[in-house]
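Structural overview
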Number of protein chains: 2
Amino acid sequence: MSEPTLNPTESTEDKGPSKNELKKRAKEEEKNRKAAERKAKEEKAAKAKAAAEDAADFAKQYYGKLPLHQSQERPNRPRNDVALLSEKVGENVLIRARIQTSRATGNKMVFLMLRQKIDTIQGILTVDEESVSRPMVKWVAGLPDESIVLVEGVVDKPKEEIKSATVKDVEIKISQIHLISAPEVRLPFTLDDASRAENEIENSEKQFNNVLLETRLNNRVLDLRTTTNQAVFKLQGSITDFFREFLSSQGFVEIHTPKLQAAATESGASVFKVSYFKGNAYLAQSPQLAKQMAIASDFERVYEIGPVFRAEDSNTHRHLTEFIGLDLEMTIEEHYHEVMELLDQLFLSIFKNLRAKCQKEVEIVGRQFPAEEFKWLEGPEGTLKLTFAQAVDLLVEDGVDRSVLDDINTENEKRLGRIVKGKYDTDYFIIDKFPAELRPFYTMPDPNDPKLTNSYDFFMRGEEILSGAQRVHDPQLLAERMRSKGIDPESMKGYMDGFRLGCPPHGGGGIGLERVLMLFLKLNNIRRATMFPRDPKRLEP
Amino acid sequence: MSEPTLNPTESTEDKGPSKNELKKRAKEEEKNRKAAERKAKEEKAAKAKAAAEDAADFAKQYYGKLPLHQSQERPNRPRNDVALLSEKVGENVLIRARIQTSRATGNKMVFLMLRQKIDTIQGILTVDEESVSRPMVKWVAGLPDESIVLVEGVVDKPKEEIKSATVKDVEIKISQIHLISAPEVRLPFTLDDASRAENEIENSEKQFNNVLLETRLNNRVLDLRTTTNQAVFKLQGSITDFFREFLSSQGFVEIHTPKLQAAATESGASVFKVSYFKGNAYLAQSPQLAKQMAIASDFERVYEIGPVFRAEDSNTHRHLTEFIGLDLEMTIEEHYHEVMELLDQLFLSIFKNLRAKCQKEVEIVGRQFPAEEFKWLEGPEGTLKLTFAQAVDLLVEDGVDRSVLDDINTENEKRLGRIVKGKYDTDYFIIDKFPAELRPFYTMPDPNDPKLTNSYDFFMRGEEILSGAQRVHDPQLLAERMRSKGIDPESMKGYMDGFRLGCPPHGGGGIGLERVLMLFLKLNNIRRATMFPRDPKRLEP
């Protein structure tokens, strides 16, 4: 009798629900209604609680963003240095620091890694009933990495050493924390990633982000914040300090010579041209000419620390278009080895001071750039000194074809460094008596062999870091040497005049600051030893 | 009969001489012959005597020109410092020095004024029978001024003080003297003329040669040899030493930032354009942007000593196109006066050190450039600090029309210096709170008056030597300030990025090294405080 329908449910509806079905539905509705009521109640309660908490947030004054710092007030509350907190267990301290990373556990606790230059320390924020509220913890957990905060808290001894921080024996129990400045943009990389050693990345099973040098240099302000880079540039400053200290003790005076020059001179290396009012000027490729003029001016012993500019299109690990030259020049009494020996003593004093006074920084850098410790000879015979001819012989003995050794190229320089290291166990040595054709016009010829010169190079880990010589102080010979290298003496009149007015015998050398830093620490690329490097492809930042 | 001739002599000849005439002639010839014979005899005798003297010149090995110094040998004979000879009376010494002047008396004695850097000493050569011969004295008397000689002799106490030398209580009795190097050209001026005080020239009845600044700068190598200039540049080196010493004690680290920049930015001052491979670069007008980036990189306290370049066509006594900037930048905890006060302490430390440790050099310079001693306040209230508004009031009280005092121009700056000197007896003071319109975009506005800024200038003898301020560290406000000065923030992206990554409040200042030196010593022209000055018209030597 019933018509077959396409929709059995409909037909069922048509028939009306059964009594059982109705009971079941009512129960469910009742259940849903109660659940909704409960939920609404809960939500209302939560909201009320949050509102109450917020309204009554006892910690409100203990956290938050500070107004823009315009020097509004000066309460004279001293800030602490995290490196010195190990001595202050139990004391209340105030520190300004970066948040390197933060980690919240539940909603009651945040761990912060706080950083000041080469040091990091752990800070802990735990909800309590006096000064740290839940909203405070939540707010802190939401602060982006690299925020600068003003933190107040008590120095505490943790149960276990904090391995991830440089200050391992104490931590800070934070009671107040305010934001001074926060990044506005997403960080291009984390400082943890930027601080990781390359061998750690290679050897670990974890997948780490490797921050490429190019990315670092494009975001140099961030990259420079790693404890490694803080240490690198602290060490750069120490090298110039040691350089000056030693030279000062030897009667040298610091000079400053102009980088703007009237003529593009000195040597074959290319120079940068500058528009100078209605004419042109050129950037000095070195203070060579000027420091020699200072000697002709009777300053006797001079040094200069300043930029030198090279317009060479060299895109290598060790060339920059602008770098810091450590230059010195001094009169000679009897023999140019007076200069060479003083330069040797200068380097030894820098090395010894780095080892004695900068151990912490060298260790920090070593974590990211592991290197065999830099070695030099300290016995009574002192630094290894080879002649150019002896250096060539060592290379020939090692299998290099003598016919290619008119000059020692970069590859053979490195090979020589390895040979010397193997044979003499030193990363530092001197080569003396270079052939005349390899040296600039102002180099004094050897008195016994006109094909050789009174000149020397210094090496660290198989790379040249200093070039120097006795200079020609006689104007006749100087003019002759210039002409032989295709330079018209009259094109360098100001320089020539110095010698025509009488000039004492003298010699000196030029050191590349960044190379010394790179090679001592084995940073493998000179850009890592320069705050904001310049090369043919980089003028920014 | 005789034909008149045009040539009476011929006609006379034709007649033949008279007898009297012949006698007269014969007498004369005889006389001439005898005279010639006598002369020849005399000459022969003189030659023979000279040859004999020369052949038997017992002093031959004790004087003469040395062969070109090519480091032929190294006998290890130490040289002496003339400044220390007062302690060596009776001793035999060996010194290398310049001959500033020489004076022969008869042919048996020569007095030499021998010079080493800031010191001069008298040397005497007297003919005797053991080591000093007449040819030796003659040869020495013929040596040109500014020759470099190697002198051996005994230190002796003269009967009277030698007023013309800096070493007054001893002289050298020369036994050997050899020439190392001599000028090849005529000196453009003597060192005595170049060393004379201007008031001495004006007040003396003698006619002295006044060596003009332009002549000095054209022959700077010679000019720099005066004891005055030797002292000036010794003092320049001391100022940078004191600068570094103080900052190092305050936790600063030395940095080096690039002078080659991608964009011509910062302020209205003109910049030099450099051809950079296929594009252009610009020379940094100051390390301002870079040192702020170092602060954004967390270096906390940095300083830099390096060249800054200004393409301004200013031909004044106090402008150079290239000078040495002493720049520093530091984080601020509470108030920018932390920076201002540190800078004040820095200057006081430089002044005190100059007075305590450089008395001799300051005195030497004072002989040629007489000046009232530089004064600063040392009482408990310390350095005088005026606000810009107070400085304007002082000028108005002194009669300057207030309507021209939106800015304080160079003339009023000097006037203010005189007012302050009269009222407070100090050559050194600070002006704080400059109007916003006078300061660059990166200057932090005053929290209470947006027309003012948290900025200051320091003055010496009525001239500005330092400019500094709290900087804007907030990227939003910084972009706003840039736009208000017509600069597109995106044109300085590398700089802006530093602030977008979070930057602590900070401030600093820039000091012109040459200005400090010029004003402390009252040299009256900045070119005298620069070894080889550069201005719109000078690129050489």
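What counts and what doesn't
- Residues numbered from 1 in each chain as written.
- Chains lettered and ligands numbered in written order.
- Predicted model: local features only at pLDDT ≥ 70, side-chain atom pairs only at ≥ 80, totals over all residues.
- Heavy atoms only, no water.
- Helix = DSSP H or I, 4+ residues; strand = E, 2+ residues; numbered from the N terminus.
- Rg over C-alpha atoms; globule rule 2.2 N^0.38 Å.
- Contact = heavy atoms within 4.5 Å.
- Areas by Shrake-Rupley, 256 points an atom, 1.4 Å probe, with all protein chains shown as cover.
- Lys, Arg positive; Asp, Glu negative; His and termini not counted.
- Charge placed at Lys NZ, Arg CZ, Asp CG, Glu CD.
- Expected span 1.5 Å × (residues − 1).
- Least-squares fit on C-alpha atoms with pLDDT ≥ 70 in both.
- pLDDT = per-residue confidence, 0-100.
- Domains from an automatic or database assignment.
- Buried area = accessible area lost by both parts, 1.4 Å probe.
- Salt bridge = Lys/Arg side-chain N within 4 Å of Asp/Glu carboxyl O.
- Polar contact = N/O pair within 3.5 Å; in protein donor to acceptor, adjacent residues only side chain to side chain.
- Nonpolar A, V, L, I, M, F, W, Y, C, P; charged D, E, K, R; others polar.
- Phe/Tyr/Trp six-rings, centres within 6.5 Å; stacked < 30°, edge-to-face > 60°.
- Buried < 20%, exposed > 50% of the residue type's maximum accessible area, 1.4 Å probe, protein only.
- Lys NZ or Arg CZ within 6 Å of the ring centre and 35° of its normal.
- Pairing = 2+ DSSP bridges.

**Section: the overall build of chain A**
Scanning chain A from terminus to terminus reveals 16 helices and 17 strands. A compact globule built from 541 residues would reach a C-alpha radius of gyration of about 24 Å, whereas chain A, at 35 Å, exceeds it by more than 25%. If one aligns the C-alpha atoms of chain A with their principal axes, the spans along those axes are about 130 × 70 × 60 Å. A fraction of 68% describes how many contacts in chain A between residues 6 or more apart in sequence connect residues 24 or more apart. As presented, chain A carries roughly 25,300 Å² of accessible surface, and 48% of it is formed by carbon and sulfur atoms. Of the side-chain charges in chain A, 79 are positive and 87 negative, and the distance between the mean point of each set is 8 Å.

**Describing helix H13 (residues 410-424) of chain B**
Residue and element names in this part refer to chain B. Under the 1.5 Å per step criterion, the end-to-end length of H13 is 21 Å for 15 residues, consistent within 8% with the ideal 21 Å. Of the surrounding secondary structure, the elements contacted by the buried residues of H13 are strand S13 (384-387), helix H12 (388-397), strand S14 (428-432), strand S15 (455-460) and strand S16 (463-470). Downstream of H13 by one or two residues, Asp425 has phi in the positive range, about 55°.

**Some details on the relation of the copies chain B and chain A**
Note: a rotation about an axis with an accompanying shift along it relates these two copies of the chain. Each copy of the sequence occupies a distinct position, and chain B is placed on chain A by a rotation of 179° and an axial shift of 0.3 Å, giving an RMSD of 1.8 Å. Taken together, these values place the two copies in the relation of a two-fold axis. Taking the C-alpha atom as reference, chain B places Val274 of chain B closest to the rotation axis, 1.5 Å from it. A share of 100% of interface residues in chain B that are also interface residues in chain A marks the association as one of identical surfaces.

**Overview of the confidence of the model for chain A**
Chain-level statistics for chain A give a pLDDT mean of 92 and a share of 95% at 70 or above. Counting interchain partners and residues more than four positions distant, the pLDDT-below-50 stretch residues 1-14 of chain A has two contacts.

**Some thoughts on the domain arrangement of chain A**
All names here are of chain A. What the domain assignment lists for chain A is domain 1 (75-181), domain 2 (191-225) and domain 3 (228-529). The centre of domain 1, based on its C-alpha atoms, is set 47 Å off from the matching centre of domain 3. Contacts between the two partners involve five residues from domain 1 and, on the opposite side, six residues from domain 3. Of the roughly 390 Å² buried between domain 1 and domain 3 on both sides combined, carbon and sulfur atoms contribute 65%. In this assembly, domain 1 and domain 3 are joined by one salt bridge. Across the pair Asp119 and Lys360 runs a salt bridge whose closest N-O atoms are separated by 3.1 Å. Counting every contact that joins domain 1 to domain 3 gives one residue pair in polar contact (both at pLDDT 80 or more). Split into classes, the residues belonging to the side of domain 1 that touches domain 3 amount to two nonpolar, one polar and two charged.

**Regarding the packing of aromatic side chains**
Residues and elements named next belong to chain A. Within this structure, the stated rule accounts for 46 aromatic pairs over all chains. Ring centres of Phe441 and Tyr495 lie 6.3 Å apart, and the angle between their planes is 80°; this geometry places the pair in the edge-to-face category. You can see Phe441 sitting in the loop between strand S14 (428-432) and strand S15 (455-460) and its partner Tyr495 sitting in helix H15 (residues 493-500), a full 54 residues away along the chain. Overall, the relative accessible area of 3% leaves Tyr495 in the buried class. Pairwise contacts between aromatic rings join Tyr336, Phe347, Phe351, Phe374, Trp376, Tyr428, Tyr456, Phe458 and Phe520 into one cluster. Lying over the aromatic face of Phe434, Arg439 brings its terminal NZ or CZ to 4.4 Å of the ring centre.

**With respect to the pattern of salt bridges**
On inspection of all chains with the given rule, the structure shows 90 salt bridges over all chains. Among the salt bridges present, the one from Glu341 of chain A reaches Arg74 of chain B, with a minimum N-O distance of 3.0 Å. Highlighted residues: Glu341 of chain A in helix H10 (residues 337-357) and Arg74 of chain B in the loop between strand S1 (63-65) and strand S2 (92-105), drawn from two different chains. Glu341 of chain A sits in the partly exposed class, given a relative accessible area of 31%. Given the relative accessible area of 30%, Arg74 of chain B is considered partly exposed.

**A word on the interface of chain B and chain A**
Taken together, the contact between chain B and chain A spans 115 residues of the former and 115 residues of the latter. Buried area between chain B and chain A, both sides added, is near 9,500 Å², and the carbon and sulfur share of it is 57%. Connecting chain B to chain A are 16 salt bridges. Connecting chain B to chain A are 74 residue pairs in polar contact (both at pLDDT 80 or more).

**Some details on the sheet that holds S16 of chain B**
Residues and elements named next belong to chain B. Read across the sheet, eight strands follow the order S7-S11-S12-S17-S16-S15-S14-S13 without closing on themselves; strand pairing throughout is mixed. The sheet is open, and its two edges are formed by strand S7 (253-254) and S13, each paired on a single side. Taken together, the four bridges between S13 and S14 define a ladder with parallel strand orientation. Among the inter-strand pairings, Thr387 is bridged to a residue of S14, identified as Asp432.

**Overview of the sheet that holds strand S7 (residues 253-254) of chain A**
All names here are of chain A. Taken in spatial order, the eight strands of this open sheet run S7-S11-S12-S17-S16-S15-S14-S13, and their pairing is mixed. Only two strands of the sheet have a single partner each, and these edge strands are S7 and strand S13 (384-387). Bridge count for S15 against strand S16 (residues 463-470) is six bridges, and the pairing is antiparallel. The residue of S16 that forms the bridge with Phe459 is Glu464.

**Points about the side chain of Arg115 of chain B**
By secondary structure assignment, the location of Arg115 of chain B is in strand S3 (residues 109-116). Polar side-chain contacts of Arg115 of chain B include one of 2.9 Å to the side chain of Asp298 of chain A. Once residues lying within four places of it in the same chain are set aside, the contact partners of Arg115 of chain B are Asp298 of chain A together with Ala97, Arg98, Gln100, Thr120, Glu146, Leu191, Arg225 and Thr227 of chain B.

**As for the environment of Glu129 of chain A**
Residues and elements named next belong to chain A. Its location among the elements puts Glu129 in the loop between strand S4 (119-126) and helix H3 (134-141). Given the relative accessible area of 77%, Glu129 is considered exposed. The spacing of Glu129 and Phe58 is 71 residues in sequence and 8.4 Å in space, taken between C-alpha atoms.

**Structural notes on the pairing of S3 of chain B**
All names here are of chain B. Of all eight residues in S3, seven are buried; the element is thus mostly enclosed. Sheet topology note: the S2/S3 ladder contains seven bridges and is antiparallel. Looking at S3, one finds that Arg98 is bridged to Arg115. The pairing of S3 with strand S4 (residues 119-126) spans eight bridges and is classified as antiparallel.

**Thoughts on unusual backbone geometry**
Residue and element names in this part refer to chain A. Cis geometry marks the peptide bond from Glu540 to Pro541, where omega comes out at -10°. Here Glu300, not a glycine, exhibits a phi torsion of approximately 70°, which is positive. By the secondary structure assignment, Glu300 is in the loop between helix H9 (288-296) and strand S11 (301-309).

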